[in-house]
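Results of the structural survey
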Amino acid sequence: MTTTRTIAIISDLHGNLTATKAVLADAAAQQPTDYAVLGDLLMPGPGAAAIIDAVRALHPLVWLNGNWEQLLYATADGMGDTARPNHVYFARLGMYTLAHLRSEQLALMRRHPISQNIVVNGVHIGFAHNEMDMASGHDLYPQMPQADLDRQFAPGQDLFVYGHIHQQIMRTSSKGQMVLNPGAVGQPYSPWRRLMLDQRACYALLRIDAAGRCSVEFRKVEYDEDAEIQLARASDLPYLPLYRHLRRTGRTITHNQRLLGLINAQYGYDDEVRRHFQM
């Protein structure tokens, strides 16, 4: 007999183990039938093996790779470079994360796609980290043209669910199909200052009843930011001052080439990454 399915949708954990634990505890209390995990599980935070184990224990209906997984695999494969300070930043974080993952975990992660189509109670859903055919990019930011969203829908598709932009969103295609973003577990974001002050971990519940009727609940979960910073310090996380700033403010420095260049030189990250890629 067909019953209501409740899918807990989580995305963009970004190595924030403390937030991940809080969200998974809150989600479990809602008694979902399924989980969908949309990628960017690791980096820049200290969570690595524990996050992969926690996600695997969910037996997700959907488990996707994001653009940060792609950066991690490039580092693992020696395909990165030191051309720009943020390239060093990604690679050095990747080196840290690889050292804190088991080889079988990395192999498991590599097997997952960046998008997946499923049918739940007759509802056709496309899940992606970002676009259906691209894990990175800015085309699906809320201010971008409607056409960029519309082209994510295959014929007959009812919903498009994606992560990447770290903002909770529910809107429609130009034809009225549903577009849903659960926001970020580990790194919430808003371009609006007042809303950016709310750094609770975000996820969403998608309920689809036996008749295929959909409802959405956005959830935000408190977690101990101080505990996460302490974990990062105890784990010897690279770029600790930047991660502490991220946890306090939500602000990233991913594209601040000048600051990253100074930090890379100060801590010797440039040389460490060069040696890694020369191995």
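For the structure itself, look to the data block above.
Figured I'd write up the structure that's included with this text. In this numbering scheme, every chain counts its residues from 1 along its sequence in written order. Whole-chain, interface and lining totals are the exception, using all residues; otherwise, since this is a predicted model, local features are given only for residues with pLDDT of at least 70 and side-chain atom pairs are given and counted only at 80 or more. Hydrogens and water are ignored here; the side-chain numbers use all heavy atoms of the structure.

Here's the deal with the overall build of the chain
Heads up, the rule is: Only DSSP runs of H or I with at least four residues qualify as helices, and only runs of E with at least two residues qualify as strands; both kinds are numbered from the N terminus onward. In this setup the radius of gyration rests on C-alpha atoms only. A globule is expected at 2.2 Å times the number of residues raised to 0.38. Working definition: with a 1.4 Å probe on protein chains only, accessible area under 20% of the residue-type maximum means buried, over 50% means exposed, and in between means partly exposed.
Counting secondary structure elements, the chain contains 11 helices and 10 strands. At 19 Å, the chain has a C-alpha radius of gyration in line with the 19 Å of a compact globule built from 279 residues. Principal axes of the C-alpha set define a box for the chain whose edges measure 60 × 40 × 35 Å. Within the span of the chain, comprising 279 residues, buried residues form 54% of the whole.

Concerning the pairing of strand S2 (residues 34–37)
Put simply, the rule is: Pairs of strands are assigned from DSSP output, requiring at least two bridges between the strands. Viewed with both strands pointing away, a crossover whose connecting path from the first strand over the helix to the second turns clockwise is right-handed.
With burial as the criterion, each face of S2 is covered, one bearing Asp-34 and Ala-36 and the other bearing Tyr-35 and Val-37. Relative to S2, strand S1 (residues 5–10) is paired through four bridges, and the arrangement is parallel. Each residue of the ladder has a partner; that of Ile-9, found in S2, is Ala-36. Of the crossover connections in this fold, the one passing from S1 over helix H1 (residues 17–29) to the parallel S2 is right-handed. Pairing of S2 with strand S3 (residues 62–63) involves two bridges; the strand directions are parallel. Residue Ala-36 lies in a different strand from S3, and its bridge partner there is Val-62. As for the winding sense of the linkage, the β-α-β connection from S2 through helix H2 (residues 49–57) to S3 is right-handed.

Focus on the sheet that holds strand S7 (residues 168–172)
Just so we agree on the cut-off: Comment: axis = line fitted to C-alpha atoms, over the contacting stretch for helices; angle = value between 0 and 180 degrees taken between N-to-C directions.
If you walk across this open sheet you meet the five strands as S4-S5-S6-S8-S7, and the pairing is mixed. Of all strands in the sheet, those bounded by a partner on one side alone are strand S4 (115–120) and S7. Ignoring which end each strand starts from, the neighbouring axes of this sheet average 15° apart.

Considerations on the environment of Ala-184
To keep it simple, the criterion reads: Throughout, a residue-residue contact means that at least one pair of heavy atoms, one from each residue, lies within 4.5 Å.
Inspection of the secondary structure assignment puts Ala-184 in the loop between strand S8 (178–182) and helix H7 (193–196). The buried category is assigned to Ala-184, whose relative accessible area is 0%. Considering only alpha carbons, one finds Ala-184 and Gln-70, 114 residues apart in sequence, at a separation of 18 Å. Sequence-distant contacts of Ala-184, that is, excluding residues within four places in its chain, are made with Ser-11, Asp-12, His-166, Ala-201 and Cys-202.

Thoughts on the pattern of salt bridges
Rules: We define a salt bridge as a contact between a side-chain nitrogen of Lys or Arg and a carboxyl oxygen of Asp or Glu at a distance within 4 Å.
Counting across every chain of the model gives 18 salt bridges. Across the pair Arg-219 and Asp-26 runs a salt bridge, and its minimum N-O distance is 2.7 Å. Of this pair, Arg-219 sits in strand S10 (residues 214–221) while Asp-26 sits in helix H1, and the two are 193 residues apart along the sequence. Owing to a relative accessible area of 18%, Asp-26 belongs among the buried residues under this scheme. Residues Arg-92 and Glu-272 are paired through a salt bridge, measuring 2.5 Å at the closest nitrogen-oxygen approach. One end of the pair, Arg-92, is in helix H4 (residues 85–99); the other, Glu-272, is in helix H11 (residues 269–278), and 180 residues separate them in sequence.

Here's the deal with helix H8 (residues 225–234)
The criterion, for reference: Arc definition: directions from the helix axis to the C-beta atoms.
Taken together, the buried positions of H8 are Glu-228, Ile-229 and Ala-232. Along H8, the residues classed as buried sweep out an arc of 100° about the axis, all on the same side. Structurally, H8 contributes buried residues whose contacts are with H1 and helix H9 (240–249). Just downstream of H8 lies Asp-236, where phi reads positive at about 55°.

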